[in-house]
Amino acid sequence: MPPPINLPPELSALVSRFNFEHYIARKQLPSAMLLVGLSSSQAIQLAKFLIGNIFCEANGCGSCAHCHLLFEDIHPDVKLLTPVKAEKVIKIDAVRDLIQTIYQTPKKAKQQFVLISPANKMNTAAANALLKVLEEPPIHTSFILMAEQEYTLPITIRSRCQRFLVNAIAWENYWQWLSMSQEIVSPELIVELPLLVEDLCLLVKKGKSPCKVAARWGDYNPQEILTVFYTLCAQALRWRLCERQSDAYAIPELFNALSPLQWFNQLDRIKELTKKIHHNIQINFILSFETLLLGFL
Ligand SMILES: [Zn+2]
């Protein structure tokens, strides 16, 4: 007899961390959930565990018809949307084909699940088509979207999903940890830190222009913005030079974008700007800020 559905320890820890037991007990997942921070195969493994526990009468026995079909990847009520291998992208046609099937009643179970992995591989047209369904999902269908990084998905899609951020940085502790010297920054700006980091991540991936980022953050107190930037750059440099592996607060996609020398240069630019502000030298802050941001490209 096959073993019951089990998870490796790192994934089963997530079941209790996110209280997935609650959904399993109710035999229902959120209508759209987004799993962020797992590799595609891990995310699918976790999704199958959840679905197996919902479909199976014996909580994922591993041997009933549902369990068997699920783990053979042939369950008619579980649809997996992945990029076509050659194209590495999920196109609108694939989403349209999927949409046609999800309004039909489930074949074997009481509900059906759509897994999209990696969800960030949907192109804009595909994401827009999916968005319409997420806005009014069929009652018997739940969506599980998966992505390694949250910001790679359009905000419109993200906002429609209940998010489970596996590798989420505890932002409330982040600044406290980042700023060992207790630099003074207003609580309002600290609350915005995740957005600021997200903007920087987009900037280095050329998904947002320096002008847009400068315009968004240029209204804050220049000295405070520079303090945040200086602390982030110093942290990136330290990570690049010595603590690469062990740092739970690292943001690899940002920190790896510049070489150590480039991070040094950014620190110098910030110091120059800070000096000017301290000496009351008139500067156009937005323009100076844009120049600083260009250093990330
Ligand atoms: Zn079973």
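Structure's up top.
Read on for a plain summary of the structure.

Conventions we followed
Residues numbered from 1 in each chain as written. Predicted model: local features only at pLDDT ≥ 70, side-chain atom pairs only at ≥ 80, totals over all residues. Heavy atoms only, no water. Donors = N, O, S within 2.8 Å, 3.2 Å for Na, K, Ca; no water. Tetrahedral: all angles 85-135°; square planar, octahedral: opposite > 155°, others 65-115°. Helix = DSSP H or I, 4+ residues; strand = E, 2+ residues; numbered from the N terminus. Patch = residues over 30% accessible without salt bridge, like charges linked within 9 Å, V, L, I, M, F, W, Y side chains within 5 Å. Areas by Shrake-Rupley, 256 points an atom, 1.4 Å probe, with all protein chains shown as cover. Salt bridge = Lys/Arg side-chain N within 4 Å of Asp/Glu carboxyl O. Buried < 20%, exposed > 50% of the residue type's maximum accessible area, 1.4 Å probe, protein only. Contact = heavy atoms within 4.5 Å. Pairing = 2+ DSSP bridges. Arc of directions from axis to C-beta.

1. Examining the coordination of the zinc ion
Link 1 in the chain: Here the zinc ion is held by the protein donor atoms Cys56 (SG), Cys61 (SG), Cys64 (SG) and Cys67 (SG), which lie 2.2 to 2.4 Å from it.
Link 2 in the chain: Each of the four donor atoms around the zinc ion contributes to a set of angles spanning 104 to 117°, which defines the coordination as tetrahedral.

2. What to know about unusual backbone geometry
Link 1 in the chain: That bond from Ser117 to Pro118 is cis: its omega, -15°, falls within 30 degrees of zero.
Link 2 in the chain: You can see Pro118 is positioned in the loop between strand E3 (112-116) and helix H6 (124-135).
Link 3 in the chain: Unlike most non-glycine residues, Asn280 shows phi in positive territory, near 55°.
Link 4 in the chain: Among the secondary structure elements, Asn280 is positioned in the loop between helix H14 (260-278) and helix H15 (285-294).

3. Some points on a nonpolar patch on the surface
Link 1 in the chain: A grouping of Leu241, Leu261 and Phe264 is seen on the molecular surface, where their side chains present a nonpolar patch of about 320 Å² in accessible area.
Link 2 in the chain: Relative to the helices and strands, Leu261 is located in helix H14.
Link 3 in the chain: Of the residues examined, Leu261 reaches a relative accessible area of 59% and is grouped as exposed.

4. Considerations on the environment of Pro76
Link 1 in the chain: Structurally, the position occupied by Pro76 is in the loop between helix H4 (65-71) and strand E2 (78-81).
Link 2 in the chain: Linking Pro76 and Lys108, residues 32 residues apart in sequence, is a C-alpha distance of 7.1 Å.

5. Focus on the side chain of Arg158
Link 1 in the chain: For Arg158, the position within the fold is in helix H7 (residues 155-158).
Link 2 in the chain: For Arg158, a relative accessible area of 9% corresponds to the buried category.
Link 3 in the chain: In this structure Arg158 touches Leu34, Glu150, Tyr151, Leu153, Arg163 and Glu198, once residues within four positions along its chain are discounted.

6. Section: the pairing of strand E1 (residues 32-36)
Link 1 in the chain: Counted residue by residue, E1 has five buried out of five residues, so it is predominantly covered.
Link 2 in the chain: By the alternation rule, side chains of E1 split into Ala32, Leu34 and Val36 and Met33 and Leu35, which are all buried.
Link 3 in the chain: Bridge analysis of E1 against strand E4 (residues 141-147) gives five bridges, and the strand direction is parallel. Paired with Leu35 across the bridge in E4 is Met146.
Link 4 in the chain: Pairing of E1 with strand E5 (residues 162-165) involves four bridges; the strand directions are parallel. Bridge pairing links Leu35 to Phe164 in E5.

7. Side note on helix H1 (residues 9-17)
Link 1 in the chain: Restricting attention to buried positions, one finds in H1 the residues Leu11, Leu14 and Val15. When H1 is viewed along its axis, its buried side chains cluster within an angular range of 105° and face the same direction.
Link 2 in the chain: Its buried side turned inward, H1 meets helix H2 (20-26) and helix H3 (40-55).
Link 3 in the chain: Positioned one or two residues after H1, Asn19 has a phi angle of 55°, which is positive.

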